[in-house]
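Examination of the molecular architecture
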Amino acid sequence: MTLDGKAIDVGRVKNPMYILATKEDHIAPWRSVYPSTSLFGGDVTFVLGESGHIAGIVNPPRERVKYGYYTAKDHFDEPDAWLEAADYTKASWWSHWSNWLDAQGGSDQVRARKPGDGKLSTLEDAPGSFIRAS
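To keep things clear, this report deals only with the structure shown in the data block. (Residues numbered from 1 in each chain as written. Predicted model: local features only at pLDDT ≥ 70, side-chain atom pairs only at ≥ 80, totals over all residues. Heavy atoms only, no water.)

1. Section: the nonpolar core
Formed by Met17, Ile19, Ala21, Trp30, Val33, Tyr34, Phe46, Leu48, Tyr70, Trp82, Leu83 and Ala86, the largest nonpolar core amounts to 12 residues. Excluding residues within four positions of it along the chain, Val33 makes contact with Ile19, Leu20, Ala21, Ala28 and Phe46. Ranked by size, the runner-up nonpolar core spans 5 residues in total, among them Tyr18, Val47, Trp93 and Trp100. (Core = buried A, V, L, I, M, F, W, Y, C linked by side-chain atoms within 4.5 Å. Buried < 20%, exposed > 50% of the residue type's maximum accessible area, 1.4 Å probe, protein only. Contact = heavy atoms within 4.5 Å.)

Here it is, written out as structure tokens:
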């Protein structure tokens, strides 16, 4: 990979990766995303959500979930071989991701900071004048 004329070897990136694609995505087709699973030097978890570019991502956990997701323990060179070996879960991928995050850094949670506390002060209340149309 080259960025600003400098070669970057992403294979040297050793931290765990969670790579998500969606089955019907027309902007980033999942079969074009899957090869990235072999580029990084660390442990990679690939998850394939159902549906498309937006609906597959915005699929929060709830009692009656509309879309599920696929996971596989093994890596395959070909995306279709991965899908054939994958297990399907009828639930939001968000819970899978949350569990993955917990496994990476523990499940200790901290309270969100209140804007204005600490060293930084707020400029103004949300949503902020910079997004208002005149």
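2. Some points on the packing of aromatic side chains
Counting across every chain of the model gives 10 aromatic pairs. Relative to Trp82, the ring of Trp30 has its centre 6.2 Å away and its plane inclined at 55°; by these criteria the two rings are tilted. Of this pair, Trp30 sits in helix α1 (residues 30–33) while Trp82 sits in helix α2 (residues 79–85), and the two are 52 residues apart along the sequence. Here the two residues Trp30 and Trp82 agree in accessibility, since each one is buried. Here the aromatic rings of Trp93 and Trp94 are separated by 6.3 Å at their centres, their planes lie at 80°, and the arrangement is edge-to-face. Overall, Trp93 belongs to the buried group, its relative accessible area being 7%. On the basis of relative accessible area, Trp94 is assigned to the partly exposed category, the value being 32%. (Phe/Tyr/Trp six-rings, centres within 6.5 Å; stacked < 30°, edge-to-face > 60°. Helix = DSSP H or I, 4+ residues; strand = E, 2+ residues; numbered from the N terminus.)

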